[in-house]
Each structure stands twice: as C-alpha cells, then as structure tokens.
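Chain by chain, the residues:
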Amino acid sequence: MLLPVPLVLAALPAAFAGGGTRRWFGGRGGESQRAEAQAAKDAAAEAFYELDTAQRDLRISIETINAVDSSSRGRKASEDFAALGRRIDEVSHAYITAVDSHDLDRDDLEPAVASRARTELTRAKDDLVRVKGELDRFAQGLGPLLGSAETQLARLAPAVERARQALLAASNALDTVRAAGLRADELAARLAALAPELTKLNQGAGQHGVPETLQRADVVLRDAEAVRTEAERLPERAAEIDRRLVSLRTRAQALTTRAGSVEPVLSELRRRFSAACWQDLQPVPEQAAVNIRQAEDKLAEAAKAREEQRWADATSRLSTVRALLNAVDEAVSAAGDRLQRLNAVAKDPQQEIERTRFAVRDAQRLAMAGRHTPDPRHARPLDDSVARLERAIAGLDGRHPDYWHFLTETEAVRQTAAGVVSDIREERGGGT
C-alpha cells in the first residue's frame, strides 16, 4: 500500500515543470495552437472595435444629413446605411458567437478546439474587415451630401441669432420713434406679425427642420431689418412730407397767378393768328382752374393724413398734387411758348427755314460720305423731307398763314433728318 505514493510524488514535479498543467494536455504544440487562437481573437477584437467606431461615426454623419436633406439622395443615403447596418449586425453576431463559443483560457483546451477557434475567429475578423471596407467606401461617397449638410448646420446658429438681433433692433427703433411722438402703427403691426416666426425659431430645427429654419431666419431677418430701416427713417420722412406740403402749397398759389395770364395770351393769339394756331389751347384756362382746385383738395387730404400719421396716404396724395400741378404748368407754359414762337416765325420765318435746311443738308452729307450713291433707305426719307419743307414754305403765302402748321412741319422734318443720322452712325459704328 505504500508503493504508489512515491510514484505520484515523482510525477508531480514533471506535471508542473515548464508551464504547469497546460503541457500535461497538449504540450508545446497545444500552447502554440492556443497562442494562435488568442492572436486571432485579438485581431478579431480589434477589427470589431474599428468597425463599431466607424459605424458610430458614420451614424452621426447620417443623422446630420437627415436633419438637413430631405431629398431623394438624402433618403437613399439613410436606406443604404440601414442596409449596411444589417450586414454589420450579421458579422458582429458571428464574431460574438465565435468569441463566446471558445474559452481560450481553459486549462484543458485541446489543440483541435484551439485550431477550430482560430479558424472561426479569423473568419469573423475577415468578415468584419470586409464590411468595414464597405462602410469606408460608403462614407467616402457621402462626402458631397455631408459637406452640404455641415455647411447648412454651420449657418444655422448664426442665422437664427442674426434674426433675433434684427428683431431686437427693430423693436428698439420703434421705441425711439414713439418716444419722439410718432406712432408708427403700421410698422408696429408688421413687427408683431413676426412674433409667430420668432416662436418657431426658438422651437429649433429639431422640430421644424434645418432648411425650413434657415429660410425662416432669412425671412425674419429681412422683414425685421426693413421695419428697423423704415422706423429710423420715419422722422426724416415726416419732415420731408412737411416740406413738400409747404412747397406744393406755394407752387399751387404761383400757378394760380400764372394761369390768370393764359386768357390774355389766347386773346392775342386769336387776334393776330389763324384759328389753327390757337384752337387746341382754348381749354387751357378752364382745365388749369380744375386741376388747381383738385390739387388744393388733395393738399388738404395730405395735410390731414400727415396729422393722423398715415404716412403712405400722405405721400400718395402729395404725388397726385404734384402730377396735377405739373399738368397745369405744362399747359400754361405751352400757351406762352406758342405765342412766342408764332411771333418769332411771323416776324422772320427764314431763320426757321434755314435751321431746317441745315439739318437736312447735314444728314445728306453724312449719307453720301464714302459713297457714290446714297443708300435708298437714307435717301428716300431725306428726299421726302425736302419736299415736305418746300410745301410748308409754300403754305406761308397768303393773307393769314398757318404759322403753327409751318412750325410743326419744320419740326417733323428736323426729326426725320436726325433719325437718318442716328441710323447711319449706328450702322457704321456696328460695322467697325
């Protein structure tokens, strides 16, 4: 019974020598298999970590694109990423299964088991690396979409802040003009209408989307700046309306005085010239009086609108007053100019004749410059103008010449000559 004890004791040193019990089950060959399996496990773990990190980073990129881009390209990027995610889940599951299936730290790990573990872990690592390559290529293809999305996101916060600051500046400008005694009700209403937009800006892009929020910020910025600008100009606008009221009142009074001189002018025209020279001027006194009365009524309306601080109405009424007074001015001036021109041509029609002949000859010289024969397109209207001038001169014969017809004819001839000159210069200028 004492014999086996020395044998067991003798065997123990051999069992623990050079690495403990593991050599007992596999020896050096088993340790090599275990090391290779462990190396495969480490490589697979590193590939898994790299894939997981890349997926996390790419998910942030996809979320960035989704927040900004609702186009078909953006939707396709999300769908492709989801498909890649399913493949990542498959290879990750295979890796985790391989790791869980083999305890490489077991004392009784057999070489065959270690070899199988190495094979499975190497396969899992290769699959992880392959899918990581697909993920990298997909990420590279997202470059333009991601760049555009990041650009918009980078614009988001500054754009919203600019819109808020513009609203604040507009509000401050309104407070300033109100303190000066100007109500600015219309501007205040426009600013109040922006309040719902400010609420949506404060709710953020997460609720309303990045593109919509950027667009809303731009609209709020533009409208608020318009309100601020108009509010800051309001005191100047009020002062300008006051100046125009005074100026137009003075002009209306002056034109009333001038309009009174039209009747004596017409009387002289009727006495000295034929009816054709003055008939079209007959309505001038009455129409001038009507226009002046209308202008005075509009001036009163403009003054009332100014008092009630209806700036747009006041400006509109003043524009109407100006148009009415311009019409009176032109009509009154036309009567005086008519008498002056008729007096001049009745005294010496030759000056008008020479002036017109000079215009025609100048056009004829230009038409012949560098040519043996003129272009019919230029010669025909000039020849017609010469004949027209001669007829107008002939019309001056008689006891009561129609001097006004003569003047309108000579004016028409000069215009025709000027048109030919303009055409020639344009053609020659284009040719060079």
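Owing to the predicted nature of the structure, the values given are computational and were not obtained by experimental measurement.

1. Let's talk about the overall build of the chain
Right, so step 1: Along the backbone of the chain there are 16 helices and zero strands.
Right, so step 2: A total of 432 residues make up the chain; the buried ones form 34% of that total.
Right, so step 3: Sequence separation of 24 or more characterises 78% of the internal contacts of the chain that already satisfy a separation of 6 or more.

2. Examining the pattern of salt bridges
Right, so step 1: Counted under the stated rule, the structure contains 35 salt bridges.
Right, so step 2: Between D126 and K125 there is a salt bridge, with its nearest N and O atoms 3.1 Å apart.
Right, so step 3: Under the relative-accessibility criterion, D126 is labelled partly exposed at 39%.
Right, so step 4: On the accessibility criterion, K125 (24% relative accessible area) is partly exposed.
Right, so step 5: Where R414 meets E411, a salt bridge forms, and the shortest distance between an N and an O atom there is 2.7 Å. Note that R414 and E411 are positioned in helix α16 (residues 403-431) at a spacing of three residues, about one turn of the helix.
Right, so step 6: Residue R414 is classed as buried on the basis of its relative accessible area of 11%.

3. Digging into the environment of H405
Right, so step 1: Looking at where H405 falls in the secondary structure, it is placed in helix α16.
Right, so step 2: With 129 residues separating them in the primary sequence, H405 and A276 have C-alpha atoms 7.7 Å apart.

4. Structural notes on the packing of aromatic side chains
Right, so step 1: Going through the model one piece at a time under the given rule, you end up with two aromatic pairs.
Right, so step 2: Consider the rings of F48 and Y95, whose centres lie 4.9 Å apart with planes at 25°: the pair is stacked. Separated by 47 residues along the polypeptide, F48 in helix α3 (residues 27-68) and Y95 in helix α4 (residues 72-101) bring together distant segments of the chain.
Right, so step 3: Since its relative accessible area comes to 25%, F48 is described here as partly exposed.
Right, so step 4: The interplanar angle of 85° and the centroid separation of 6.2 Å between the aromatic rings of F273 and Y403 together place this pair among those described as edge-to-face. Within this pair, whereas F273 is found in the loop between α11 (262-272) and α12 (284-307), its partner Y403 is found in helix α16, the two being separated by 130 residues in sequence. Neither F273 nor Y403 differs from the other in exposure class; each is buried.
Right, so step 5: Stacked on the ring of W278, the Lys or Arg R270 has its end atom at 5.9 Å from the ring centre.

5. Section: the nonpolar core
Right, so step 1: Membership of the largest hydrophobic core comes to 71 residues, with the highest contact counts inside it found for L174, L269, L342 and F406.
Right, so step 2: Here the element with the most residues in this core is helix α10 (residues 210-259); it accounts for 16 residues.
Right, so step 3: For L342, the contacting residues outside a window of four places in its chain are L269, F273, C277, Y403, W404 and L407.
Right, so step 4: Grouped together as the second largest cluster of nonpolar side chains are 22 residues, A44, I65, A77 and L128 included.

6. What about the packing of helix α8 (residues 195-203) against α10?
Right, so step 1: Where α8 meets α10, the axes come as close as 10 Å, and the angle between the chain directions of the two elements is 140°. Here α8 and α10 pass one another in a crossing that is left-handed. When α8 is examined against α10, the residues E197, K200 and L201 are found in contact with a partner set consisting of T213, R216, A217 and V220.
Right, so step 2: Among the residues making up the contact of α8 with α10, the classes are represented as three nonpolar, one polar and three charged.

7. What to know about helix α7 (residues 185-192)
Right, so step 1: Along α7, the residues that are buried comprise L187, A188 and L191. Buried residues of α7, seen end-on, are gathered within an arc of 100° and therefore sit on one face of the element.

8. Some words on the side chain of N291
Right, so step 1: Structurally, N291 is set in helix α12.
Right, so step 2: On the accessibility criterion, N291 (9% relative accessible area) is buried.
Right, so step 3: Setting aside residues up to four positions removed in sequence, N291 forms contacts with L324, A327 and V328.

Calculation criteria
- Residues numbered from 1 in each chain as written.
- Predicted model: local features only at pLDDT ≥ 70, side-chain atom pairs only at ≥ 80, totals over all residues.
- Heavy atoms only, no water.
- Helix = DSSP H or I, 4+ residues; strand = E, 2+ residues; numbered from the N terminus.
- Buried < 20%, exposed > 50% of the residue type's maximum accessible area, 1.4 Å probe, protein only.
- Contact = heavy atoms within 4.5 Å.
- Salt bridge = Lys/Arg side-chain N within 4 Å of Asp/Glu carboxyl O.
- Phe/Tyr/Trp six-rings, centres within 6.5 Å; stacked < 30°, edge-to-face > 60°.
- Lys NZ or Arg CZ within 6 Å of the ring centre and 35° of its normal.
- Core = buried A, V, L, I, M, F, W, Y, C linked by side-chain atoms within 4.5 Å.
- Axes fitted to C-alpha atoms, helices over the stretch in contact; angles between N-to-C directions.
- Left-handed = near helix turned anticlockwise from the far one by under 90°.
- Nonpolar A, V, L, I, M, F, W, Y, C, P; charged D, E, K, R; others polar.
- Arc of directions from axis to C-beta.

By themselves, these figures tell us nothing about what the structure is for.
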